[in-house]
Amino acid sequence: MSTDVKLYVARHGIGTGNEPDAPLSSDGFNQAEQLADFLSQMEDLHVDRFISSPYTRAWQTAEIIEERLKIKLGPPGNRLREQGVRGVTEEESDEMVIARVTSLTEELLKSDQHTFLLVTHRLILTLLLHHYAPDFVLEEITNPDLYLLTFRDGKCQVKRLWNTMQPVVV
């Protein structure tokens, strides 16, 4: 009998820009709080490993989740960073980005842990979904956003958990 591996993949709250050190905006902090509330209301959510992009807006979102859920945030996951920003960081092709994020995902799938929470960016989330679930119809990704990728027997099933049209009741 195989064990499901679950990847909860969240997009950060809205930032003040796209640079690595761009923090959350005031709306972004509110969105991160709403996302943390949503996660805290999920019954039986147990996270074995919690990883965030090192970019400030993602890291701040993760810190809010860490505090609310009382789960330990691991060291920054450099492979979860956004695609290189022209003129700011080293530029990368989509292929380079997907190679780094899938190498992390494959490591997680081969580990002895079963539930992961990742905080990342729009492009990373998009490429991850297209790679593991190419038939999944991707809606507009919002700030924040949350998807569940469930891996079983070499197959991936995707479910969108966040819907900005139905705000979290706090």
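So, here's what we can say about the structure. (Residues numbered from 1 in each chain as written. Predicted model: local features only at pLDDT ≥ 70, side-chain atom pairs only at ≥ 80, totals over all residues. Heavy atoms only, no water.)

1. Thoughts on the side chain of serine 52
So, point 1. Within the secondary structure, serine 52 is located in strand β2 (residues 49-52).
So, point 2. Within the local environment of serine 52, its side chain forms a polar contact with the backbone oxygen of alanine 58, the two atoms lying 3.3 Å apart.
So, point 3. Filtering out sequence-adjacent residues up to four positions away, serine 52 remains in contact with Ala58, Trp59, Ala62, Leu73, Pro76, Gly77, Leu80 and Val119. (Helix = DSSP H or I, 4+ residues; strand = E, 2+ residues; numbered from the N terminus. Polar contact = N/O pair within 3.5 Å; in protein donor to acceptor, adjacent residues only side chain to side chain. Contact = heavy atoms within 4.5 Å.)

2. Looking at the layout of surface pockets
So, point 1. Roughly 230 Å³ of volume is contained in the largest pocket.
So, point 2. If you go around the largest pocket, you meet 15 residues; those closest to its centre are Arg11, Asn18, Arg57, Glu82 and Arg122.
So, point 3. Across the lining of the largest pocket, the residue classes tally to three nonpolar, eight polar and four charged. (1 Å grid on protein atoms, 1.4 Å probe; cavity = no way out; pocket = protein on both sides within 12 Å on 5 of 7 lines; lining within 4 Å. Points joined across faces, edges and corners; volume = space filled by probe spheres on them. Nonpolar A, V, L, I, M, F, W, Y, C, P; charged D, E, K, R; others polar.)

3. Remarks on the pattern of salt bridges
So, point 1. This structure, assessed with the given rule, holds eight salt bridges.
So, point 2. A salt bridge links arginine 79 to glutamate 107, with the nearest nitrogen and oxygen atoms 2.9 Å apart. Highlighted residues: arginine 79 in the loop between α2 (56-69) and α3 (94-110) and glutamate 107 in helix α3, separated in sequence by 28 residues.
So, point 3. Given the relative accessible area of 26%, arginine 79 is considered partly exposed.
So, point 4. Glutamate 107 sits in the partly exposed class, given a relative accessible area of 45%.
So, point 5. With its nearest N and O atoms 2.6 Å apart, the salt bridge here joins glutamate 139 to arginine 160. Here glutamate 139 is found in the loop between α4 (122-132) and β4 (145-152), whereas its partner arginine 160 is found in strand β5 (residues 155-160), with 21 residues between them in sequence.
So, point 6. The network of salt bridges with common partners includes Glu33, Asp37 and Arg68. (Salt bridge = Lys/Arg side-chain N within 4 Å of Asp/Glu carboxyl O. Buried < 20%, exposed > 50% of the residue type's maximum accessible area, 1.4 Å probe, protein only.)

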